[in-house]
Amino acid sequence: MKKIFFLGALAVTALGVQSCLDYDDPGTELGIDQTTTETTVHHGNPDSLGYRRFFTQEEVMAGMNTLEQGSYFGQSITGQYCLRGAKNGQVPQAHAYQRQYSLGPDAYAQYFVVPHKDFMYGTLTSTYNVSREFNGDPLGSYTMVKNAIVPILNHPAIDSIPEIKAINLLYVSLAAQEKADLSGPFTYREDLLNSEDPAEYNSVEEIYTDIVEDLDSIVACLKFYEEEVAKGDEGMRPSWYKAIIDNILFTYHQTSRDLLTGVASVESYWRLANSIKLRMAMHIVKVNPALAKKWAEEAVASGVVESADMQQGVYPMVSGFSHPLIDIANSWGDLRMCASFESLLKSLNHPYLQYVFMPNGNEVQFPDSVMAPGTRHIGIRAGQMVPEGQTYPLNPLQAYSTINKENFQFAPLYFVSWAEVDFLRAEGAIRGWNMGGTAEEFYNRGIKNGYLGDPMMPDADYEAALPTYMEQTAATPYVSYDPYNGGEPWQSVTKIGVKWSEGDSQETKLEKIITQKYIALFPLSTEAWAEMRRTGYPKVFPVLNADDGDGSIEQGGMIRRIPWKATDPIAKERIKASGLPALGGPDLQSTRLWWDVDVPNF
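Parameters at a glance
Residues numbered from 1 in each chain as written. Predicted model: local features only at pLDDT ≥ 70, side-chain atom pairs only at ≥ 80, totals over all residues. Heavy atoms only, no water. Helix = DSSP H or I, 4+ residues; strand = E, 2+ residues; numbered from the N terminus. Rg over C-alpha atoms; globule rule 2.2 N^0.38 Å. Contact = heavy atoms within 4.5 Å. Areas by Shrake-Rupley, 256 points an atom, 1.4 Å probe, with all protein chains shown as cover. Lys, Arg positive; Asp, Glu negative; His and termini not counted. Charge placed at Lys NZ, Arg CZ, Asp CG, Glu CD. Buried < 20%, exposed > 50% of the residue type's maximum accessible area, 1.4 Å probe, protein only. pLDDT = per-residue confidence, 0-100. Salt bridge = Lys/Arg side-chain N within 4 Å of Asp/Glu carboxyl O. Core = buried A, V, L, I, M, F, W, Y, C linked by side-chain atoms within 4.5 Å. Arc of directions from axis to C-beta. Polar contact = N/O pair within 3.5 Å; in protein donor to acceptor, adjacent residues only side chain to side chain. Phe/Tyr/Trp six-rings, centres within 6.5 Å; stacked < 30°, edge-to-face > 60°. Lys NZ or Arg CZ within 6 Å of the ring centre and 35° of its normal.

A.B. asks: Honestly, the overall build of the protein chain in this entry has me stumped. Any pointers?
C.D. replies: Each helix and strand in the protein chain was counted, giving 24 helices and 12 strands. Against the globule reference of 25 Å for 602 residues, the protein chain gives a C-alpha radius of gyration of 24 Å, in line with a compact fold. The principal-axis extents of the C-alpha atoms in the protein chain amount to approximately 85 × 55 × 45 Å. Looking at the protein chain alone, contacts between residues at least 24 apart form 73% of all its contacts between residues at least 6 apart. Surface accessibility of the protein chain: about 21700 Å² in total, with carbon and sulfur atoms responsible for 50%. Positive and negative charge centroids in the protein chain, built from 48 and 75 side chains respectively, lie 5 Å apart.

Below is the structure:
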């Protein structure tokens, strides 16, 4: 590996690459037309990123100078952080994370419940309560990512560094996939063109198709780069170019674990692209099974995440922060464990109960008894109407279980984790797809690598509990109690075991895969909620007071999407003109997305 010496924002390498600040007015001097805006994508063109072109060192350095002086590279970091609960160029922090996850998807996935109703910026009476101050904010993360990164994609200077363009397009693709799965259609194609006033909504099917085409182009671009680098200075990407790419990756990209290993590479980026494609393939399996199989097999054949260091995300150990849930749950008292998650973990004797959650922090009053502090793990039913108060004893729900902050300290905020990929491959295998191995192999490996903490800090207690955990052939009968509602008992709805059995039915195998995947995804509620809508697993308690939403969900039912609920007259008209036709239904919580079809899993 060639040494890289960091001097300021960009590096001077042992190869003698000049700082981009050595160039004055590069667009004029080197003939780069800075007034021309090239569109971000050319769907259907395998070289839509222009990666087969040769660029001189002067062209590349001029482009870098333009982008750095315009703060485009710095804005990319902002977008990267915004993918997982950040704003204003900061690392992920509690307020932004709370709006992106905790006040919506965390509750929809039944990981957590917000235990009180009053906030300084609004009121949230129960899980499905519709409020623009709360429910719309998960959609805002996409807007922040788009606003930070799309200008880079449309700047002509980035065309001289196609690999960096590809990686930035990858971030936007992930944000778009996650937004489409939250609420449905949006103005994706105009967004990519950096339109100041986008008006035409694209359907989820169109968005998915466009994203996958872009993911394929990203993978082709980054693999071409690897092939050219392997040729040395005889190829189109000589050593001076590789040094520049390495410098940009180390300086302006915070999502790869290469920052911990000290060896720059584009491999984890193209593996992330394929892993997103695999995720999307499984999402559409019920609406278009043939295309789902095609996408999934292509992704696996090209290469998905297959080790801890191939994972991408926002890492506390890389960027220097603590997981935002620590403040949200423990310091602010804004989250408590959901009763469905409590029941599931207890029924399966999962080590997360000791590893991730704490027993009740204060005494809990039952109708005929008092539970002493630290007695048991206890959750709140999803949909429970909650009282005022962020402290105990004013609000008795604050005594319920919260997270173990010590084990959350360095928990990565993954984009697509290794465990998720293995569970996707396990499901593909039981569907008869070529996933490069057996369902049992991927299932067992997914469980082993599904723990919360950073891979560099494995938890000995968690690892020690796994052999016994994975041998369970049946669930343990468990009864949850709701002290707040008079001690009503709830029998666990989890009946399956953990141990893999080839003799199980297809449906039971799927339930096992999705149940373990749900636990391993924690706390990435956006994806957990998508899988619950798609498969109906894991089994959870019916949501109380579902009619506290927009009135479209039957009692006990599951929310299918976050409504737009626009208040601006122009936005309302655009939703009416193109949003609703693209959605194929009314702007309600009960309207299913394109891939969320009400048919059997097999």
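Still to come is the rest of the account.
A.B. asks: Hey, could you run me through helix H16 (residues 339-347) in this one?
C.D. replies: Note that an α-helix has 3.6 residues per turn; residues three or four places apart therefore point the same way. Among the 9 residues that make up H16, 8 are buried, leaving the element largely enclosed by the rest of the structure. Of the positions making up H16, those classed as buried are Ala339, Ser340, Phe341, Glu342, Ser343, Leu344, Leu345 and Ser347. Close packing links the buried residues of H16 with strand E7 (336-337), helix H17 (352-355), strand E11 (479-482), strand E12 (488-491) and helix H22 (506-521). In the segment just after H16, Asn349 is the residue with positive phi, at about 55 degrees.

A.B. asks: What is the right way to read the confidence of the model for the protein chain from this model?
C.D. replies: Keep in mind that low pLDDT regions are not for reading the predicted coordinates in detail. Averaged over every residue, the pLDDT of the protein chain is 91; the share at 70 or more is 92%. In the predicted structure, residues 1-40 sits below a pLDDT of 50 and forms 86 contacts with residues beyond four places in sequence or in another chain.

A.B. asks: Looking at this structure, I do not really get the pattern of salt bridges. What am I missing?
C.D. replies: Side chains carrying opposite charge are able to pair once their charged atoms draw close together. Applying the stated criterion to the full structure yields 32 salt bridges. Residue Arg99 is joined to Asp137 by a salt bridge in which the shortest nitrogen-to-oxygen separation is 2.5 Å. Residue Arg99 is located in helix H4 (residues 94-102), and its partner Asp137 is located in helix H6 (residues 137-153); the two are separated by 38 residues in the primary sequence. Using a relative accessible area of 23% as the deciding quantity, one classes Asp137 as partly exposed. Measuring nitrogen to oxygen at the nearest pair gives 2.9 Å for the salt bridge that ties Arg592 to Asp596. Relative accessible area serves as the criterion here: at 30%, Arg592 is assigned to the partly exposed category. What makes Asp596 buried here is its relative accessible area of 2%. Members of the salt-bridge network, linked through shared partners, are Arg84, Glu178, Arg279, Glu420 and Glu527.

A.B. asks: Would you mind showing me how to read the environment of Asp210 here?
C.D. replies: Residue placement: Asp210 occurs in helix H9 (residues 204-230). Between the C-alpha atoms of Asp210 and Ser173, which are 37 residues apart in sequence, the distance is 9.1 Å.

A.B. asks: Would you explain the nonpolar core in this entry?
C.D. replies: A general trend in soluble globular proteins is that nonpolar side chains are found buried together. Ile161 and Phe522 are the most contacted members of the largest nonpolar core, which has 172 residues in total. Excluding its chain neighbours within four sequence positions, the residues that come into contact with Ile161 are Val60, Met64, Leu67, Phe73, Tyr241, Ile245 and Ile248.

A.B. asks: Can you walk me through helix H21 (residues 460-470) in this structure?
C.D. replies: Burial in H21 covers these residues: Tyr462, Leu466, Tyr469 and Met470. For H21, the buried positions fall inside an angular range of 80 degrees around the axis, keeping them on one side. Facing away from the buried side of H21 by over 90 degrees, the exposed positions are Ala460, Asp461, Ala464, Pro467 and Thr468. Each element contacted by the buried residues of H21 is listed here: H17, helix H20 (439-448) and H22. Two to three positions downstream of the cap, the backbone nitrogen of Asp461 sits 3.1 Å from a side-chain oxygen, assigning the N-cap of H21 to Asp459.

A.B. asks: Just to check I follow, could you spell out the packing of aromatic side chains for this structure?
C.D. replies: The description of an aromatic ring pair uses the distance of the two centres, along with the angle that the planes make with each other. Per the counting criterion, the structure on display carries 34 aromatic pairs. Pairing Tyr51 with Phe224 gives two aromatic rings, centres 5.2 Å apart and planes at 50 degrees, and the pair type is tilted. Taken together, the residues span a long stretch of sequence, with Tyr51 in the loop between helix H1 (26-29) and helix H2 (57-69) and Phe224 in helix H9 at a distance of 173 residues. The exposure class assigned to Phe224 is buried, which follows from its relative accessible area of 8%. Here a set of aromatic residues connected by ring pairs shows up, and it is made of Tyr111, Phe112, Phe341, Tyr352, Tyr355, Phe357, Phe408, Tyr451, Tyr462, Tyr518 and Phe522. One Lys or Arg, Arg381, reaches over the ring of Trp490 and ends 4.6 Å from the middle of that ring. In this structure, Arg561 packs its charged tip against the face of Trp564, placed 4.7 Å from the ring centre.

A.B. asks: How should the side chain of Arg533 be read in this particular structure?
C.D. replies: Its location among the elements puts Arg533 in helix H23 (residues 525-535). At 5.4 Å, Asp596 is the nearest oppositely charged side chain to Arg533, a buried residue that forms no salt bridge. Here Asp181 takes part through its backbone oxygen, which lies 2.8 Å from a polar atom of the side chain of Arg533. Those residues in contact with Arg533 that sit more than four places away from it in its chain are Asp181, Met558, Ile559, Arg560, Arg561, Leu593, Trp595 and Asp596.

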